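A structural walkthrough
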Amino acid sequence: MITRRDFIKKAALSITGAALPFAVMEIIDPKKLSASVTQEKGVVRWVFLVDTYKCVGCGLCVKACKLENEVPYDATVTRTWVERYVVTRDGSVFADTPKGARDGFTTTKIDRNSAGFLDIKNGDIEKAFFVPKLCNQCENPPCVQVCPVGATYQTPDGVVLVDRTWCIGCGYCIMACPYGVRFYHPVYHTAEKCNFCYHRITKGLMPACVDACPFGARRIGNIKNSDDPVTKIIMNQRVAVLKEEYGTKPQVFYIGLSKEVK
Amino acid sequence: MKNHLLRPLIVIIGIVFLVLLVRFVYVPRDFGIGERGYMYGWHRAANEEDWKKVKVKYMGREYCKGCHSEKYASIIKTPHRIIQCENCHGPANDVAGDHPSEQRFKLTIDKTRQQCLRCHFPLPYFSSGRAKIRGINPDKHNPDIECSNCHNPHAPQEGLR
């Protein structure tokens, strides 16, 4: 037997419940929320453009990077490096990067590590070129995802940084990066990586490697600015990224990338 | 509740409380998930500022021009104008000091043959720009002396000095 009091109570409750929109049950995405709040005050998303046709393998970018970012000069670690690819007439591919090309390529001999040096005759070369490599500042960075302590993260302008005070040096991120960009810093004992010279780009300067390149093979731009010359090239010309199939959405674009490049 | 159940429960609650207390003290206030959510966002917000504070070492050719305007004016007329001063002269600022400063922080100029060979060692890689640069065989072309003994890197087209 339902009393009048009970009936009114339950009716009020069910009407209130039915009146609630489904929107209140939605899980709020912090990124969406923040995007709606910050609006458009100079939105920046840094991207990099490498023209492999222009690169001559001088390695001045690697030298500048190591000195600018205090990466131990003689240690075999570097934030950026240049790879040399030599494809011979019989279809074999040889690639090397002695000392990360810190001193450039001043020999025709290919460094094959324990297999020794290999001198390829000029007549046997089908094609040969240089490919500068650096952090891709992925939109979906696997290195950030695996960090167990929250020491590495992506800034709002798209650069992935490492918090040296918070990093425990476990090395998960070094293994997670499909591009082999991260390494263990021999002095700080933390993970280390290219950050597009974050201290320079936030002051309006170019990254050290971009400034050091005499041939204009390296460029940086803001993909959110449609007037940026780098953005125009990425949008209107034929560019490629490395290891697209990994779904990391890399933000370093290459002109003249070849299938031999891994 | 019985005593043998209650006592371990108190211990467990104590441990949980202790962990939360340590976390409260140890984890900085600005540590959070940021804009990228739970999968990518965990970080300490102040670290972004830490990275911005890193000292700029390479100042660029316009900075050098401020004092060495005559050198700038001469090299800008040559094919070597594309090379930044600091690529050979070393970065203007260093951990040790700035150039120029009261301590007269001296730059170390890289005059080695290796420095010139970065570009001028001939490599016949026709799908790159390298093949277009003139080169020498370093084993045969005056192997014992520095390139700058004969060539002026600030005016390479002017012939030998």
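Residues numbered from 1 in each chain as written. Chains lettered and ligands numbered in written order. Predicted model: local features only at pLDDT ≥ 70, side-chain atom pairs only at ≥ 80, totals over all residues.

1. Things to note about the overall build of chain B
Summing up its helical and strand segments, chain B has seven helices and two strands in all. Ordered by position from the N terminus, the helices and strands of chain B form the series α-β-α-β-α-α-α-α-α. Computed over its C-alpha atoms, the radius of gyration of chain B comes to 30 Å, more than 25% above the 15 Å expected for a compact globule of 161 residues. Scored against the burial criterion, the 161 residues of chain B give a buried share of 19%. Long-range contacts, defined here as pairs at least 24 residues apart, represent 37% of the contacts in chain B between residues at least 6 apart. (Helix = DSSP H or I, 4+ residues; strand = E, 2+ residues; numbered from the N terminus. Rg over C-alpha atoms; globule rule 2.2 N^0.38 Å. Buried ≥ 20, exposed ≤ 12 C-beta atoms within 10 Å, placed from the backbone. Contact = placed C-beta atoms within 7 Å.)

2. Looking at the sheet that holds strand β6 (residues 125–133) of chain A
Residue and element names in this part refer to chain A. Taken in spatial order, the three strands make up an open sheet running β3-β2-β6, and their pairing is antiparallel. Two strands bound the open sheet, and with one partner strand each, they are β3 (93–96) and β6. Across the sheet, the mean angle from the axis of one strand to that of its neighbour is 15°, orientation sign disregarded. The sheet contact formed by strand β2 (residues 81–88) and β3 spans four bridges and is antiparallel. Bridged to Y85 within β3 is A95. (Pairing = 2+ DSSP bridges. Axes fitted to C-alpha atoms, helices over the stretch in contact; angles between N-to-C directions.)

3. Focus: the nonpolar core
Residues and elements named next belong to chain A. Within the largest apolar cluster, 68 residues are counted, with the highest numbers of intra-cluster contacts made by F48, C61, A64, F196, C209, A212 and C213. Both domains that furnish three or more residues to this core are identified here as domain 1 (46–137 + 195–255) and domain 2 (142–192). Once residues within four sequence positions are removed from consideration, C61 is found in contact with T80, P132, C209, A212, C213 and R218. (Core = buried A, V, L, I, M, F, W, Y, C linked by C-beta atoms within 7 Å. Domains from an automatic or database assignment.)

4. Considerations on the interface of chain A and chain B
Of the residues lining the interface, 50 residues belong to chain A; the matching set on chain B comes to 41 residues. Mapped by element, the contributors of at least two residues to the side of chain A that touches chain B are α2 (30–38), α3 (60–68), β6, α4 (142–146), β7 (152–154), α6 (198–201) and α7 (208–212) of chain A. Considering every element that reaches the side of chain A that touches chain B, the biggest residue donor is β6 of chain A, with five residues. Along the lines of polarity and charge, the residues of the side of chain A that touches chain B split into 25 nonpolar, 14 polar and eleven charged. (Nonpolar A, V, L, I, M, F, W, Y, C, P; charged D, E, K, R; others polar.)

5. Here's the deal with the domain arrangement of chain A
Residue and element names in this part refer to chain A. Each assigned domain of chain A is listed with its residue range as follows: domain 1 (46–137 + 195–255) and domain 2 (142–192). At the junction of the two partners, domain 1 supplies 16 residues and domain 2 supplies twelve residues. Here the residues of the side of domain 1 that touches domain 2 are counted per class, giving ten nonpolar, five polar and one charged.

6. Let's talk about helix α7 (residues 113–120) of chain B
Most of α7 of chain B sits inside the fold, with six of its eight residues counted as buried. Turning to α7 of chain B, its buried residues are Q115, C116, L117, R118, C119 and H120 of chain B. Summarising the contacts, the buried residues of α7 of chain B are in contact with α3 of chain A together with α6 (85–89) of chain B.

7. Concerning the sheet that holds strand β1 (residues 46–51) of chain A
All names here are of chain A. Pairing is mixed in the open sheet, where three strands are placed in the order β11-β1-β12. Sheet topology places β11 (218–222) and β12 (252–255) at the edges, where each strand pairs with a single neighbour. On average, adjacent strands in this sheet sit at an angle of 25° to one another, irrespective of strand direction. Where β1 and β11 come together, five bridges link them in antiparallel fashion. For V50, the partnering residue across the bridge sits in β11 and is R218. Sheet contacts for helix α8 (residues 229–236): β1, β11 and β12; angle to β11, the most-contacted strand, approximately 95°.

8. What about unusual backbone geometry?
All names here are of chain A. Look at E70: it is not a glycine, yet its phi comes out positive at around 55°. The backbone of C197 sits at a positive phi, close to 50°, despite the residue not being glycine. Tracing the backbone through its elements, the reader meets C197 in the loop between β10 (191–192) and α6.

9. Quick word on helix α1 (residues 4–19) of chain A
Here α1 of chain A spans 22 Å end to end across 16 residues, near enough to the 22 Å set by a 1.5 Å rise per residue. α1 of chain A sits mainly on the outside: zero of its 16 residues count as buried. (Expected span 1.5 Å × (residues − 1).)

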